[in-house]
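An overview of the molecular structure
The residues making up each chain are set out below.
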Amino acid sequence: MPEGHTIHALADRLERAFRGSAVEATSPQGRFAADAERLDGRVLDRAQAWGKHLFVDIGDAILHVHLGLIGMFPVKHRGGGEPPAPVGAVRLRLVGPEHWADLRGPMICTLVDEKRQREIVATLGPDPLRRGHGPGPTWERVHRSRRTVAELLMDQSVVAGVGNVYRCEVLHRLAVDPLTRGLDVSEQVWREVWDDLVLLMPLGRAFSQIITVPDQVQDAVRARRSGRARAITSRLTGERLGDTFERRFLVYKRTGEPCPRCAHPVQERDIAGRRLYWCPACQERH
Ligand SMILES: [Zn+2]
């Protein structure tokens with residue numbers, strides 16, 4: 001499932017492509033036809049993400065999208081011509097002066113009003129990618145919980161946008177024992193987890209790939225600071241993962257391979273239905 005950085009990158013891309021323009025909206029597949037008609041010819045004002053939820057203001061309606069497991073919403077340049085005929089089940093097609101975007105296979109695609117949007121957002125925890133969000137409200141939940149840190153990090157009502165890869169990688173980066181219960185975690189450690197997400201997730205957003213290995217993180221931070229990342233970001237359509245950096249992780253899907261810190265074999269187990277990868281030898285902090 002796409003993690004929050006993917007949805008924020010999608011919101012950025014939709015704004016770059018369509019903001020301030022009237023969009024042609026259709027539902028080639030037909031399932032969203034009446035709602036698409038409401039959007040058709042209206043101006044796209046804003047696109048924003050909160051965790052894994054996307055909200056796009058078009059005319060007086062708000063398009064609410066959750067990609068779920070298989071959803072895709074690539075944004076492509078028209079190159080001066082008409083967009084190609086839709087292929088497969090396209091729920092919603094947006095066409096602007098220079099770009100077009102096809103939404104396929106979303107878990108949620110619906111129009112909402114501001115009240116409903118507020119209700120949805122109220123179910124979500126703070127999002128490390130949203131300005132002004134902090135770990136305070138999450139700590140209130142965490143330090144009273146008997147659930148493990150590994151579970152809490154995947155709960156969208158605790159932290160919005162984190163998925164399995166960031167969960168496993170951040171806990172390893174900070175040497176935190178993922179099986180520690182929330183009530184046994186120190187506030188210091190929880191703040192470090194939050195701060196690491198605030199460092200890493202913007203890199204994922206900029207490069208369309210999850211970057212957690214220290215040498216790659218350093219390079220990616222430098223590329224963002226110098227403005228070099230911008231040219232890369234603007235070329236990404238969202239159709240596939242970015243490939244600026246070699247795809248490497250510390251523990252994610254590295255079962256049996258040596259831990260990069262202590263060489264003990266990485267382990268995996270199921271926690272709340274998702275595979276957790278971690279090093280039982282050196283992830284001891286709580
Ligand atoms: Zn280790």
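Residues numbered from 1 in each chain as written. Predicted model: local features only at pLDDT ≥ 70, side-chain atom pairs only at ≥ 80, totals over all residues. Heavy atoms only, no water.

1. As for the pairing of strand β9 (residues 267-271)
Just so we agree on the cut-off: Strand pairing is assigned whenever DSSP detects at least two bridges linking the two strands. Put simply, DSSP H or I for four residues or longer makes a helix, DSSP E for two residues or longer makes a strand, and each gets a number counted from the N terminus.
Here 5 bridges tie β9 to strand β10 (residues 274-278), and the two strands are oriented antiparallel to one another. Bridge pairing in β10 places Asp270 opposite Arg275. Hairpin connection of β9 to β10: 2 residues between the antiparallel strands, including Ala272 at a positive phi of 50 degrees.

2. Considerations on the coordination of the zinc ion
As a benchmark, a tetrahedral metal site with four donors has ideal angles of 109.5 degrees, while an octahedral site with six donors has ideal angles of 90 or 180 degrees. Put simply, the rule reads: Here a donor is any nitrogen, oxygen or sulfur atom (N, O, S) within 2.8 Å of the metal, with 3.2 Å used for Na, K and Ca; water is not among the atoms considered, so some sites may look incomplete. Every angle between 85 and 135 degrees makes a four-donor site tetrahedral, while opposite donors more than 155 degrees apart, with all other angles between 65 and 115, make a four-donor site square planar and a six-donor site octahedral; other sites are irregular. Throughout this description, buried means an accessible area under 20% of the type-specific maximum (1.4 Å probe, protein chains only), exposed means over 50%, and partly exposed covers the range between.
Only Cys259 (SG), Cys262 (SG), Cys279 (SG) and Cys282 (SG) from the protein coordinate the zinc ion, and they sit 2.2 to 2.3 Å from it. Metal-centred angles of 99 to 118 degrees between the 4 donor atoms at the zinc ion mark the site as tetrahedral. Spacing between the donor residues of the zinc ion along the chain follows C-x2-C-x16-C-x2-C. Linking Cys259 in the loop between α9 (228-235) and β9 with Cys282 in the segment after β10, this pair joins segments that are 23 residues apart in sequence. Accessibility classification places Cys259 together with Cys282 in one group, the buried group.

3. Regarding the layout of surface pockets
Where we set the bar: Grid points spaced at 1 Å and placed over the protein atoms alone form the basis of the search, with a cavity being a set where a 1.4 Å probe fits but cannot get out and a pocket an open set showing protein on both sides within 12 Å along at least five of seven lines. Lining residues have an atom within 4 Å of a point. Grid points are joined across faces, edges and corners, and a volume is the space filled by probe spheres set on the points. Residues are grouped as follows: Ala, Val, Leu, Ile, Met, Phe, Trp, Tyr, Cys and Pro are nonpolar; Asp, Glu, Lys and Arg are charged; every other residue, Gly included, is polar. Domain delimitation in this document rests on an assignment produced automatically or drawn from a domain database.
The volume enclosed by the largest pocket comes to roughly 750 Å³. What lines the largest pocket is a set of 25 residues, among which His8, Asp12, Leu129, Arg131 and Arg205 lie closest to the centre. Secondary structure elements with two or more residues in the lining of the largest pocket: α1 (4-18), β2 (44-50), α7 (187-207) and α9. Its residues placed into classes, the lining of the largest pocket shows 10 nonpolar, 5 polar and 10 charged. Counting only domains with at least three residues in the lining of the largest pocket, you end up with domain 1 (4-122) and domain 2 (136-278). Computed from the structure, the second largest pocket encloses a volume of approximately 550 Å³.

4. Some points on the sheet that holds strand β5 (residues 75-77)
Stated formally: Note on geometry: axes are C-alpha line fits, over the in-contact stretch for helices, and angles between N-to-C directions span 0 to 180 degrees.
Overall, antiparallel pairing links the 4 strands, which are arranged β1-β6-β7-β5 in an open sheet. In the strand order of this sheet, the two ends are held by β1 (24-26) and β5, each with one partner. Along the sheet, successive strands turn relative to each other by an average axial angle of 15 degrees, direction set aside. Note: β5 against strand β7 (residues 99-104), 3 bridges, orientation antiparallel. Paired with His77 across the strands is His99, a residue of β7.

5. With respect to the sheet that holds β2
To be explicit about the condition: Whether two residues are in contact is decided by their heavy atoms, any of which lying within 4.5 Å being enough.
Here 4 strands make up an open sheet; going across it, the order is β2-β3-β4-β8 and the pairing antiparallel. At either end of the open sheet lies a strand with only one pairing partner, and these are β2 and β8 (108-112). Taking each pair of neighbouring strands and ignoring which way they run, the sheet shows an average axis angle of 20 degrees. Sheet topology note: the β2/strand β3 (residues 53-58) ladder contains 6 bridges and is antiparallel. Across the sheet, the residue bridging to Ala49 is Leu54, located in β3. Taken strand by strand, α1 contacts β2 and β3, and its axis lies near 170 degrees from that of β2.

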